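Residue-level structural notes
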Amino acid sequence: MAGPVHVASGVVKDYPGKMTLYVFMACMIAATGGLIFGYDIGISGGVTSMTPFLHKFFPSVEQKLLADHSVNQYCKFDSETLTLFTSSLYLAALIASFVAATVTRKFGRKITMLIGGSVFLVGAAINGFAKDVAMLIIGRVLLGIGVGFANQSVPVYLSEMAPPKLRGRLNIVFQLMITIGILAANLINYGTAKIPGGYGWRISLGLASIPALIITIGSLFLPDTPNSLIERRHPDKAKAMLCRIRGTSDVHEEYQDLVVASEASQSVEHPWRNILKRKYRAQLVMALMIPFFQQLTGINVIMFYAPVLFKTIGFGDNASLFSAVISGIVNVIATVLSIFTADRWGRRFLFLEGGFQMLICQIAIGVLIAIKFGTTGVGTFSKGYAGLVVALICIYVAGFAWSWGPLGWLVPSEIFPLEIRSAGQSINVGVNMIFTFIIAQIFLKLLCHLKFGLFFFFAGWVVVMTIFIYYFLPETKNVPIEEMALVWKKHWFWKRYVGDEDVEVELENGSNV
């Protein structure tokens, strides 16, 4: 039976050093790259539920909304053009993430963040001044490029800067920034929807420039990671930086591991081909399956379609936006809790507990909607009934926010050796974006055709992913990235792909299998 894998002390290296203020501030600034992703997730659903926005760009959807409750509630927002507005960002992010892999490797993590923030800023401006659907889509594509670059570089930066024992905590700050961005967007939507004149949606879209400015300006002041400096042949700067971020001059062992890892990395001419090697099978599977499963939790149905979803099941304009604010607050609070538990309780425990919590809530929500709307989609919610649905959605969001939300970014970012790290992170981001795109593209049609069964659809996937984690993910908490080979070697399944010679080579290289 599968279980947590613990690496014996005395085998895994414990590098000297501590959390320094310098590292903390650098990680906080870098993590703001999550704000642009979160703000977009939160803002798009709210804007698409605003009547003035729909009147200008999607009048056919507006007409469905103005119909009485005898109309099928499940299908009110079913529009291919409206879906394209939301999902185009994620397709652009998918393509951009693979370009960002090369930029990250050749020019460093901070340059990649700078490019991402700058392009996102332009996209926000175009959306804020959009005159037609074409401008909206162009703006969304630019936003997607920015998101692709940020999501590629930020998790890697955080994992490389953090001391091993605090890697989980600091990396989860990226997910925390995503949740803060979602909450900020929900609050802004709630406020701008009340502005007379019907231009509140422009303010909502245009204010995406603020998180873009934060990461763009912040990246200018960020230090490069020692890994990146060594990789780009600046050994003296790298050693000085390592001393500074660890708060000690006793960094010789860690520095040598990084140098040897970089030399191994430089000798790899084709990281995309290398990642297919048998000894990297475990990491490749995780980089494919974890982001795949993360999107099939159904969280984006809640997060970037929250106001649309609430409005679909009978809430009014303000009530739907306010309910999205409530779920956004729960999202932030639960993510904060994960910061203090990921390195204490471990990745596996949070994955498993979060999966169970989401499963129960999804089944309950599906049953409640089925009782009220049935298969016809005709009906309304009473205040008490609606409150119960919102409560269950918040419990579901909390389960995601302290498990699959942060860990979906943390685990893939910490398991790849330096020689294939950029390629591995690109696969992680790419898979995440392609399935975010797919879910965004088909959600409204799924809701229209599956009706309440949509929640059972996602619940089924939660069962599958929880079983996958139980059997195939070893525990990686507190393990230095350079020593991860031992974790895979001791796992009941993955050890068949990792030979003793692979472990020896990787440990000598200071990289992780």
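Relevant structure appears above.
Not measured: the values here are computed from a predicted model.

We now examine the side chain of Gln357. With respect to the secondary-structure elements, Gln357 resides in helix H19 (residues 347-373). Residues within four places of Gln357 in sequence aside, it is in contact with Ile395, Ala398, Gly399 and Trp402.

Phe53 and Trp404 are the most contacted members of the largest nonpolar core, which has 135 residues in total. When residues in this core are grouped by element, the largest group, 12 residues, is from helix H22 (residues 421-450). Not counting chain neighbours up to four residues away, the residues in contact with Phe53 comprise Val47, Thr48, Phe58, Phe85, Leu136, Trp201 and Leu205.

In the contact formed by helix H2 (residues 33-47) and helix H10 (residues 209-220), the axes pass within 8 Å of each other and the chain directions differ by 165 degrees. With respect to H10, the element H2 is oriented roughly antiparallel. Classified by chirality, the crossing of H10 by H2 is left-handed. Contacts between H2 and H10 involve Gly33, Leu35, Ile36 and Tyr39 on the former and, on the latter, Pro211, Ala212, Ile214 and Ile215.

With that settled, the discussion passes to empty space enclosed by the protein. Per the counting criterion, the structure on display carries four cavities of 30 Å³ or more. Within this model, the largest cavity holds a volume of roughly 150 Å³. What lines the largest cavity is a set of 17 residues, among which Ile41, Gln175, Ile178, Asn300 and Phe400 lie closest to the centre. At the level of elements, H2, helix H8 (167-192), helix H15 (281-295), helix H16 (299-303), helix H21 (404-414) and H22 are the ones that each hand at least two residues to the lining of the largest cavity. In terms of residues, the lining of the largest cavity owes the most to one element, H8, which gives four residues. In the lining of the largest cavity, the residues fall into eight nonpolar, nine polar and no charged.

Per the stated rule, a full pass over the model turns up 26 aromatic pairs. An angle of 85 degrees between the planes, with centres 6.4 Å apart, marks the rings of Phe37 and Trp409 as edge-to-face. With Phe37 in helix H2 and Trp409 in helix H21, the pair connects residues that are 372 residues apart, well separated along the chain. Accessibility expressed as a relative area gives 3% for Trp409, which makes it buried. By way of ring pairs, the aromatic residues Phe292, Phe293, Phe351, Trp404, Phe435, Trp461, Phe468, Phe472, Trp492, Phe493, Trp494 and Tyr497 are connected into one cluster. For the cation-ring pair, Arg244 lies above Tyr22, with the distance from its terminal atom to the ring centre recorded as 3.8 Å.

About the cut-offs
Residues numbered from 1 in each chain as written. Predicted model: local features only at pLDDT ≥ 70, side-chain atom pairs only at ≥ 80, totals over all residues. Heavy atoms only, no water. Helix = DSSP H or I, 4+ residues; strand = E, 2+ residues; numbered from the N terminus. Contact = heavy atoms within 4.5 Å. Core = buried A, V, L, I, M, F, W, Y, C linked by side-chain atoms within 4.5 Å. Buried < 20%, exposed > 50% of the residue type's maximum accessible area, 1.4 Å probe, protein only. Axes fitted to C-alpha atoms, helices over the stretch in contact; angles between N-to-C directions. Parallel < 35°, antiparallel > 145°, perpendicular 65-115°, else oblique. Left-handed = near helix turned anticlockwise from the far one by under 90°. 1 Å grid on protein atoms, 1.4 Å probe; cavity = no way out; pocket = protein on both sides within 12 Å on 5 of 7 lines; lining within 4 Å. Points joined across faces, edges and corners; volume = space filled by probe spheres on them. Nonpolar A, V, L, I, M, F, W, Y, C, P; charged D, E, K, R; others polar. Phe/Tyr/Trp six-rings, centres within 6.5 Å; stacked < 30°, edge-to-face > 60°. Lys NZ or Arg CZ within 6 Å of the ring centre and 35° of its normal.

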